[in-house]
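Each chain, written out:
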Amino acid sequence: MNYIDTHCHLDGEEFRDDIDEVVQRAKDAGCAKIFVPAIDLPSCQTVMTVSQRYPDYAYPMLGLHPEEVRADWREVLTNIRQQLGTLSCIAIGEVGLDYYWSREFEQEQREAFEEQVRWSVETRLPLMIHCRKAQNEMVAILKRYAQELPGGVFHCFTGNEQEARQLLEFDRFVLGIGGVLTFKKSHLPEVLPACVPLDRIVLETDAPYMAPVPMRGKRNEPAFIRHVITRMAEAYGVSEEDICRQTNENVGKVFGIYL
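Presented here is a report on the structure given in the accompanying data block. (Residues numbered from 1 in each chain as written. Predicted model: local features only at pLDDT ≥ 70, side-chain atom pairs only at ≥ 80, totals over all residues. Heavy atoms only, no water.)

1. Concerning helix H7 (residues 188–195)
- Restricting attention to buried positions, one finds in H7 the residues Leu188, Pro189, Val191, Leu192 and Cys195.
- Packing partners of the buried residues in H7 comprise helix H6 (161–168), strand S7 (173–177), strand S8 (201–203) and helix H8 (225–236). (Buried < 20%, exposed > 50% of the residue type's maximum accessible area, 1.4 Å probe, protein only. Helix = DSSP H or I, 4+ residues; strand = E, 2+ residues; numbered from the N terminus. Contact = heavy atoms within 4.5 Å.)

So this is what it looks like as structure tokens:
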């Protein structure tokens with residue numbers, strides 16, 4: 001039973017001392033590929049380094065995370081765009097809007113996100129989208145390009161049925177589901193089967209964050225997705241093999257990467 005982790009910060013400091021062991025545990029658990037997003041200019045390099053260390057296993061995505069947007073965002077994006085044109089990236093990410101902590105750079109976030117959405121149209125690379133406390137603003141931007149976008153992932157979806165249905169209107173996009181599905185207070189086990197077909201879901205960790213039950217409180221890693229698969233199979237009333245098969249197919253449709 002093999003699966004793909006579509007969102008893992010494998011280049012992070014948290015994995016510096018035992019990355020080979022983390023990757024081996026992932027492989028032993030059935031994780032066949034790991035997609036690694038950049039969040040800023042320095043991480044573009046670390047993401048590429050990790051991807052080169054594990055060829056045909058770790059795949060790079062380049063982008064500017066909304067929480068990293070500052071007054072110099074135009075200069076930063078110019079640098080990232082240059083790298084995007086010369087490196088073998090599978091997506092533009094992690095990009096989006098995040099007003100959870102602060103709205104200090106609200107306008108800059110919107111402009112930076114829209115610029116990277118245009119990159120997706122130009123390059124035909126899918127988007128890996130982070131959105132927190134800004135869904136309406138994000139949707140408004142995406143609607144301007146909806147017919148031209150190749151697709152992507154709404155990463156770390158934790159919302160309700162209304163929010164899910166709104167995102168699913170972008171028919172080439174899927175929802176990224178991870179450890180939150182297993183949390184005791186999560187509504188996802190009810191929300192997802194009610195309105196999200198299995199052909200619109202991909203698996204992710206967001207490691208080292210968001211570890212699933214029963215690993216909560218620990219550093220998350222790709223091997224832990226097995227707990228998410230188990231809970232998802234229970235919620236949808238299908239086998240774990242069905243979850244893996246369908247989500248792998250979904251990854252292929254969005255990223256063009258197949259097992």
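Next, the rest of the story.
2. Observations concerning the sheet that holds strand S6 (residues 152–154)
- Pairing is parallel across the open sheet formed by eight strands, whose spatial order is S1-S2-S3-S4-S5-S6-S7-S8. Edge positions in the open sheet fall to strand S1 (3–5) and S8, since each of these has one partner strand only. Here the average twist between neighbouring strands, direction ignored, is 30 degrees.
- Direction of pairing for strand S5 (residues 127–132) relative to S6: parallel, over a ladder of three bridges. Paired with leucine 127 across the strands is glycine 152, a residue of S6.
- Sheet strands touched by H8: S1, S7 and S8. Its angle to S8, the strand with the most contacts, is close to 150 degrees. (Pairing = 2+ DSSP bridges. Axes fitted to C-alpha atoms, helices over the stretch in contact; angles between N-to-C directions.)

3. Looking at the packing of aromatic side chains
- Per the stated rule, a full pass over the model turns up six aromatic pairs.
- With a centroid separation of 5.0 Å and an interplanar angle of 25 degrees, the aromatic rings of phenylalanine 154 and phenylalanine 173 are classed as stacked. Of the two residues, phenylalanine 154 is situated in strand S6 and phenylalanine 173 in strand S7; the sequence distance between them amounts to 19 residues.
- You can call phenylalanine 154 buried: its relative accessible area is 3%.
- What makes phenylalanine 173 buried here is its relative accessible area of 3%.
- Aromatic rings pair up to connect Phe35, Tyr59 and Phe255 into one cluster.
- Looking at lysine 27, its charged tip hangs above the ring of tyrosine 57, at a distance of 4.8 Å from the centre.
- In this structure, arginine 216 packs its charged tip against the face of phenylalanine 183, placed 3.7 Å from the ring centre. (Phe/Tyr/Trp six-rings, centres within 6.5 Å; stacked < 30°, edge-to-face > 60°. Lys NZ or Arg CZ within 6 Å of the ring centre and 35° of its normal.)

4. Quick look at the environment of glutamine 147
- Along the chain, the position of glutamine 147 falls in the loop between helix H5 (135–143) and S6.
- According to the relative accessible area criterion, glutamine 147 is exposed, its value standing at 72%.
- Residues glutamine 147 and aspartate 171, 24 residues apart in the sequence, show an inter-C-alpha distance of 9.7 Å.

5. Quick look at empty space enclosed by the protein
- The final tally for this structure, using the stated rule, is one cavity of 30 Å³ or more.
- The volume enclosed by the largest cavity comes to roughly 60 Å³.
- Taken together, Cys156, Phe157, Gly176, Ile177, Gly178, Gly179, Val180, Leu188, Glu204, Thr205, Asp206 and Met210 make up the full set of residues lining the largest cavity.
- Along the lines of polarity and charge, the residues of the lining of the largest cavity split into six nonpolar, four polar and two charged. (1 Å grid on protein atoms, 1.4 Å probe; cavity = no way out; pocket = protein on both sides within 12 Å on 5 of 7 lines; lining within 4 Å. Points joined across faces, edges and corners; volume = space filled by probe spheres on them. Nonpolar A, V, L, I, M, F, W, Y, C, P; charged D, E, K, R; others polar.)

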